[in-house]
Amino acid sequence: MISLFLEFKAQATSILKDAIQEIGLEIEDSELYFETSSHADLASRTAFKLASLYKQNPKELATRIVSAIKIPDSSYVGEVSASGPYINFHASRHYLNRTVAAVLEEKEKFGCGAPKNKILLEHTSANPNGPLHVGHIRNSIIGDTLARILRRAGYDVEVQYYVNDMGRQIAVVSWACERFELDLSKKSDSAIANVYIKANAELDKNPDYVKEIDAIMEKVETGDVSTIDSFDKAVSLAISGIKETLLRLNVAHDSFVNESSFLKSGAVHNVVEKVKATGRTKTDKGALVVDLSDYGFEKTLVIQRSNGTSLYTTRDLAYHEWKAGQADRIIDVLGADHKLISGQLKATLNAIGVKEPEIVIFEFVSLPEGSMSTRRGQFISADELFDRVTESALEQVDARRPETSYEFKKQVAEMVGIGAVRYDIVRVSPEKSTVFNWKEALDFEKQGAPYIQYSHARACSILEKAKEEVAWESSTEIEPSFLVEDTEIDLIKKMAMFDNIIDIGARELKPHVLAIYARELADAFNQFYRFVPVIAAEDEKVRAARLALVDCARIVLANSLDTLGIAAPESM
RNA sequence: GGGCUCGUGGCUUAGCCAGGAUAUAGCGCUGGGCUUCUAACCCAGACGCCGGGGGUUCAAAUCCCUUCGGGCCCGCCA
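Overview of the structure. Here the structure is a predicted model, which means the values were calculated and not measured.

### With respect to the overall build of chain A
Stage number 1. Along its length, chain A carries 21 helices and 14 strands.
Stage number 2. Along the three orthogonal principal directions, the C-alpha set of chain A runs to about 85 × 70 × 40 Å.
Stage number 3. Looking at chain A as a whole, 54% of its 572 residues are labelled buried.
Stage number 4. Considering only contacts within chain A whose residues lie at least 6 apart along the sequence, 75% involve residues at least 24 apart.
Stage number 5. Accessible surface computed for chain A: about 25800 Å², of which carbon and sulfur atoms make up 48%.

### Structural notes on the environment of Glu108
Stage number 1. Position of Glu108 relative to the elements: it lies in the loop between α4 (93-106) and β5 (118-122).
Stage number 2. Judged by its relative accessible area of 53%, Glu108 falls in the exposed class.
Stage number 3. Along the backbone, Glu108 and Asn526 are 418 residues apart, and their C-alpha atoms lie at a distance of 21 Å.
Stage number 4. Other than its neighbours up to four places away in sequence, Glu108 contacts Arg152, Ile555 and Asn559.

### Brief notes about the pattern of salt bridges
Stage number 1. One pass over the full model with this rule turns up 35 salt bridges.
Stage number 2. Between Glu31 and Lys49 there is a salt bridge, with its nearest N and O atoms 3.8 Å apart. You can see Glu31 sitting in the loop between α1 (5-22) and β1 (34-37) and its partner Lys49 sitting in helix α2 (residues 46-54), a full 18 residues away along the chain.
Stage number 3. A salt bridge links Asp523 to Arg519, with the shortest nitrogen-to-oxygen separation between them at 3.8 Å. Of this pair, Asp523 and Arg519 both sit in helix α20 (residues 512-531), four residues apart, roughly one helical turn.
Stage number 4. Of the residues examined, Asp523 reaches a relative accessible area of 18% and is grouped as buried.
Stage number 5. What you see here is one network of salt bridges that share partners, running through Glu122, Lys323 and Asp332.

### Let's talk about unusual backbone geometry
Among all residues save glycine, negative phi is the norm, and among peptide bonds the norm is trans.
Stage number 1. Positive phi values are uncommon outside glycine, yet Lys285 reaches one of about 50 degrees.
Stage number 2. With respect to the helices and strands, Lys285 occurs in the loop between β8 (281-284) and β9 (287-290).

### Some details on helix α19 (residues 498-508)
Stage number 1. Every buried residue belonging to α19 is among Phe498, Asp499, Asn500, Ile501, Ile502, Gly505 and Ala506, and all of these are buried.
Stage number 2. Where the residues of α19 are buried, they touch α1, α5 (136-152), β11 (329-335), α18 (486-496), α20 and α21 (540-563).
Stage number 3. At the exit of α19 stands Leu509, carrying a positive phi of roughly 55 degrees.

### Observations concerning the protein's contact with RNA strand B
Stage number 1. Around RNA strand B there are 71 residues in total, and Asn164, Lys285, Ser429, Tyr454 and Tyr529 lie nearest to it.
Stage number 2. Of everything in RNA strand B that lies within 4 Å of the protein, sugar and phosphate atoms constitute 64%.
Stage number 3. Between RNA strand B and Tyr86, the relevant distance is 2.3 Å, taken from a sugar or linking oxygen to a side-chain nitrogen or oxygen of the residue.
Stage number 4. In the model, a base nitrogen of RNA strand B is placed 2.9 Å from a nitrogen or oxygen of the Val532 main chain.
Stage number 5. In the surface near RNA strand B, the residues fall into 26 nonpolar, 20 polar and 25 charged.

Thresholds, definitions, all that
Residue positions are counted from 1 within each chain, in the order its sequence is given. Here the convention is simple: chains get letters from A, ligands get numbers from 1, in the order in which they are written. In keeping with the predicted nature of the model, local features appear solely for residues at pLDDT of at least 70, side-chain atom pairs appear and are counted solely at 80 or more, and the whole-chain, interface and lining totals rest on all residues. In computing side-chain values, all of the structure's heavy atoms are included and hydrogens and water are not. In this description a helix means any DSSP run of H or I spanning at least four residues, a strand means any run of E spanning at least two, and both kinds are numbered starting from the N terminus. Whether a residue is buried, partly exposed or exposed follows from its accessible area with a 1.4 Å probe, protein chains only, as a fraction of its type maximum: under 20%, in between, or over 50%, in that order. Contacts between residues were defined by any pair of non-hydrogen atoms, one from each residue, lying within 4.5 Å. Computed with the Shrake-Rupley method and a 1.4 Å probe, the accessible areas treat only the protein chains shown as cover for residues. When a carboxyl oxygen of Asp or Glu lies within 4 Å of a side-chain nitrogen of Lys or Arg, that pair is called a salt bridge. When at least one non-hydrogen atom of a residue lies within 4 Å of a molecule or strand, that residue is treated as near it. Two N or O atoms form a polar contact when they lie within 3.5 Å of each other; inside protein one atom must be a possible hydrogen donor and the other a possible acceptor, and for residues adjacent in sequence the pair counts only when both atoms belong to side chains. Under the scheme applied, nonpolar residues are Ala, Val, Leu, Ile, Met, Phe, Trp, Tyr, Cys and Pro; charged residues are Asp, Glu, Lys and Arg; polar residues are all the others, including Gly.

Everything listed is a geometric property; what it means functionally is a separate question.
In structure tokens:
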């Protein structure tokens with residue numbers, strides 16, 4: 001709740017506005033054009049804007065503004081200077097001291113924002129027709145990291161998995177379970193995938209079977225008990241396996257919501273009636289379609305089949321109508337294949353006066369041989385990735401820490417392996433499509449999660465040693481003003497930036513900014529570690545201050561890792 | 001065919017929406033650093049017509065047009 005960089009920026013804003021007013025000019029807050037830069041802690045390009053507004057020279061304006069600047073006592077802003085047309089703000093000693101104190105005071109709460117309203121976030125929601133594959137977990141990791149960022153930003157976040165327990169693909173699964181034997185010696189989701197793949201091959205060979213699927217679909221829609229039971233059985237087998245995978249990935253959902261519940265409750269029927277009431281619907285070859293041409297969609301949207309059954313879209317409309325009543329903001333994390341349909345969904349919701357969701361789209365992960373498909377059995381399961389990556393991590397731990405127990409190595413390998421997977425996926429912007437590559441996935445040499453985790457472990461190790469050698473205690477009173485080395489100041493400034501990163505991530509729904517930040521924070525800590533002796537510091541007060549700084553780094557690294565959903569080992 | 005999106009050193013990638021100070025970082029490569037708090041580390045160096053071509057602007061990786069290449073979508077599937 002203690003703002004540092006955000007407060008620094010707020011103070012810089014007010015100081016700059018006053019100075020601009022002082023020289024008789026005026027500008028909007030949004031035209032102060034602040035940016036972080038290597039030249040200053042915060043730089044403003046506003047002189048460019050003022051120059052064009054008032055037809056004056058930007059350099060001269062910057063100089064005049066700077067000379068009119070008045071910095072209040074105990075401000076986070078220390079010094080302001082003009083560099084050509086740029087106005088550079090430098091943080092004060094007070095800001096640095098306050099940062100150290102804030103981290104020590106707030107500990108795991110450091111970086112948290114003030115309490116905000118409720119968000120309902122849906123992610124993963126993969127069809128229960130097989131295990132999660134490496135494409136699905138991009139959804140899970142983006143979604144889970146966003147949820148963690150939003151929580152730290154202060155939102156009350158509920159995370160849901162929308163279970164498709166009655167679509168056509170589940171009818172195929174159910175049909176497949178009758179026809180083929182489930183191999184339950186395997187993980188249940190994998191067993192489901194096997195019969196699902198076989199069934200699809202059968203359906204491709206013999207199109208007559210399609211009628212059987214249609215019949216099953218009609219039965220479930222009319223509430224046939226044995227058909228519903230058969231669906232439920234298949235779905236729960238798949239979902240229990242998926243839950244296991246998500247648990248290992250450190251991804252948690254607050255609730256699993258069944259699609260069928262909206263049919264049973266009559267919500268699907270009601271939402272169709274609401275859409276009809278807008279006068280946008282018509283019948284096209286027996287099917288009920290919605291005209292969304294005024295929203296820019298050329299083609300109509302089908303919301304009811306000619307046989308009267310509902311579609312995924314129809315049930316999704318009902319789901320979103322329900323969600324809109326549960327929270328202030330609705331966020332869905334969806335694959336790029338949903339771009340069009342989610343636009344149509346939003347338009348339809350808008351037409352019936354229901355709050356629209358914010359959609360976060362991520363692009364596909366494909367294989368070198370082409371796109372992944374559960375139906376064709378062409379995918380790499382998340383389980384296989386986790387197994388191989390943790391196995392590879394185990395070899396690393398074994399090589400680096402041969403003296404430790406097998407239990408320890410196994411634990412570290414799990415933290416490092418899963419962390420590496422999460423980091424590798426979250427560090428890339430969601431809008432980039434990627435090709436899965438085993439060599440890269442198993443590479444621990446690059447600066448990824450293990451690098452950040454190692455920095456955390458290193459901080460822990462220094463503090464452990466300090467307890468033994470100099471009887472250090474975390475409660476020791478310290479004087480942060482002794483932290484004057486470049487690497488110390490850089491590290492403090494980087495820690496102070498945490499609230500800003502959480503704010504940006506939450507505002508723009510971009511989890512990758514946090515991934516980059518965590519790596520930069522680790523960089524700053526490692527540089528400090530390399531250049532500045534801590535335990536060996538000669539002056540006792542300097543040593544105490546540096547130990548406190550190590551403790552701060554440990555806390556902010558741990559908080560960053562926690563927000564990324566990555567374990568923070570104390571030793572590795 | 002139409003729509004959306006991505007294209008930044010050999011490879012991966014930040015910055016683009018809100019245009020401005022030498023274009024970010026990693027891997028790989030070259031060279032250096034462990035009798036000192038964990039070397040999964042640190043330091044230095046080479047490598048870029050920011051896909052191509054036009055335009056707008058005092059200023060373009062960023063905005064506009066066009067073109068090429070990759071991905072996704074255009075189902076009474078989800």
